[in-house]
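Below, each chain spelled out in residue letters.
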Amino acid sequence: KAGVTQTPRYLIKTRGQQVTLSCSPISGHRSVSWYQQTPGQGLQFLFEYFSETQRNKGNFPGRFSGRQFSNSRSEMNVSTLELGDSALYLCASSVGTGPNEKLFFGSGTQLSVL
Amino acid sequence: EDKVVQSPLSLVVHEGDTVTLNCSYEVTNFRSLLWYKQEKKAPTFLFMLTSSGIEKKSGRLSSILDKKELFSILNITATQTGDSAIYLCAGGVYNTDKLIFGTGTRLQVFP
């Protein structure tokens with residue numbers, strides 16, 4: 001079974017631009033979550049999607065948005081990039097319906113904002 | 001505010017040593033405590049703990065949860081260089097896949 005796939009692996013953007021990251025979950029998984037990882041803050045929850053609906057959202061500004069498609073694939077978008085958005089963006093998937101679901105992570109997209 | 005605190009932040013040991021990593025949590029609607037190992041990019045799942053006092057083991061790794069003291073430990077015995085990684089602790093919340101992560105413990109094992 002293929003794992004969680006994130007594309008692209010690396011991105012370099014400049015301030016003010018926007019970026020779209022993609023995540024394909026493990027086959028059969030319906031829940032996709034996004035996390036931002038920085039050296040100072042660790043992993044911080046961005047949002048979670050289940051069956052195309054946002055189920056939960058973290059404390060990030062509105063510049064961060066996401067969506068999920070009918071095949072469970074998800075995208076996240078960051079508009080008007082700032083230097084502080086430089087981070088590793090990790091996507092995780094789970095079946096999404098049980099009380100003790102484990103999250104499986106992708107290898108992430110490393111975003112650098114110049 | 002929900003928080004997960006890990007200690008120590010960093011640990012340097014020699015092969016064969018035993019290490020204990022600590023995790024304390026304050027998570028609203030707490031469901032479970034999870035441990036992940038992050039070597040390069042993708043955190044890989046180690047343990048999920050939901051009940052107090054029941055030790056989970058996987059080879060040289062073991063973990064236990066104390067829901068009264070809001071605390072968990074991860075033990076690694078007979079450490080190997082391949083154990084070098086960042087170990088992440090996270091609190092799970094009911095009815096969601098949201099995890100509250102600590103900042104991690106960086107373990108370095110030297111031969």
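Going by the structure above, here's the rest.
Anyway, here's the lowdown on the structure attached to this text.

Our focus in this paragraph is the environment of Arg15 of chain A. Residue and element names in this part refer to chain A. By the secondary structure assignment, Arg15 is in the loop between strand 2 (10-13) and strand 3 (19-24). Sequence separation of Arg15 and Leu90 is 75 residues, and the distance between their C-alpha atoms is 21 Å. Non-local contacts of Arg15, meaning those with residues more than four positions away in its chain, are made with Leu81, Glu82, Leu83, Val113 and Leu114.

A few words on the sheet that holds strand 3 of chain A. All names here are of chain A. An order of 1-3-8-7 is seen for the four strands of this open sheet, with the pairing classed as antiparallel. At either margin of the open sheet sits one strand with a lone partner, and together these are strand 1 (5-7) and strand 7 (64-68). Pairs of neighbouring strands in the sheet enclose a mean axial angle of 20 degrees, with direction left out of account. Relative to strand 3, strand 1 runs antiparallel, the two being bridged by three bridges. Within strand 3, the residue paired with Thr5 across the bridge is Ser24.

If you trace the backbone, Thr50 of chain B turns up in the loop between strand 5 (44-49) and strand 6 (56-58). Taking C-alpha positions, Thr50 of chain B is 9.6 Å from Asp66 of chain B, a pair spaced 16 residues apart along the chain.

Residue and element names in this part refer to chain A. Most of strand 9 (residues 87-94) is tucked away, with eight of its eight residues classed as buried. Judged by which residues are buried, strand 9 turns out to be covered on both faces: Ala87, Tyr89, Cys91 and Ser93 on one side and Leu88, Leu90, Ala92 and Ser94 on the other are all buried. In this sheet, strand 9 lies alongside strand 4 (residues 31-38) in antiparallel orientation, the contact comprising seven bridges. Note that in strand 9 the partner of Gln36 across the bridge is Tyr89. Where strand 9 and strand 11 (residues 109-113) come together, three bridges link them in antiparallel fashion. Within strand 11, the position partnered with Ala87 by the bridge is Leu111. With two bridges connecting them, strand 9 and strand 10 (residues 104-105) associate as antiparallel partners.

Residue and element names in this part refer to chain B. Sheet analysis places strand 6 next to strand 7 (residues 61-66), joined by three bridges and oriented antiparallel. Following the sheet pairing, Lys57 is matched in strand 7 by Ser62. In textbook terms, the turn of a hairpin is the stretch between consecutive antiparallel strands, and for strand 6 and strand 7 this stretch comprises two residues, one of which, Gly59, has a positive phi near 65 degrees. Hairpin connection between strand 7 and strand 8 (residues 71-76): a loop of four residues separates the two successive antiparallel strands, and Leu70 in this loop has a positive phi of roughly 55 degrees.

Below, the discussion takes up the state of the cysteines. Residues and elements named next belong to chain A. Here the structure, examined in full by the defined rule, presents two disulfides over all chains. Between the sulfur atoms of Cys23 and its disulfide mate Cys91 the distance is 1.7 Å. Linking Cys23 and Cys91, the disulfide has an S-S dihedral of approximately -55 degrees and is accordingly described as left-handed. Separated by 68 residues along the polypeptide, Cys23 in strand 3 and Cys91 in strand 9 bring together distant segments of the chain. Considered together, Cys23 and Cys91 belong to a single accessibility category, that of buried residues.

Reading the values: rules and limits
- For every chain, the first residue of the written sequence is number 1, and numbering continues from 1 along that sequence.
- Chain letters start at A and ligand numbers start at 1, both assigned in the order the entries are written.
- The predicted origin of the model limits local features to residues at a pLDDT of at least 70 and limits the giving and counting of side-chain atom pairs to 80 or more, whereas totals for whole chains, interfaces and linings rest on all residues.
- Side-chain measures were taken over the full set of non-hydrogen atoms in the model, leaving aside hydrogen atoms and water.
- Helix and strand labels come from DSSP, where a helix needs a run of H or I of at least four residues and a strand needs a run of E of at least two; each type is numbered from the N terminus.
- Two residues form a contact once any of their heavy atoms are found within 4.5 Å.
- When DSSP finds two or more bridges between a pair of strands, those strands are recorded as paired.
- Think of each axis as a best-fit line through the C-alpha atoms, taken over the contacting stretch in the case of a helix, with angles from 0 to 180 degrees between the N-to-C directions.
- Relative accessibility decides the category of a residue: with a 1.4 Å probe and only protein chains considered, values under 20% of the type maximum give buried, values over 50% give exposed, and everything between is partly exposed.
- Here, the term disulfide refers to a pair of cysteine sulfur atoms separated by no more than 2.5 Å.

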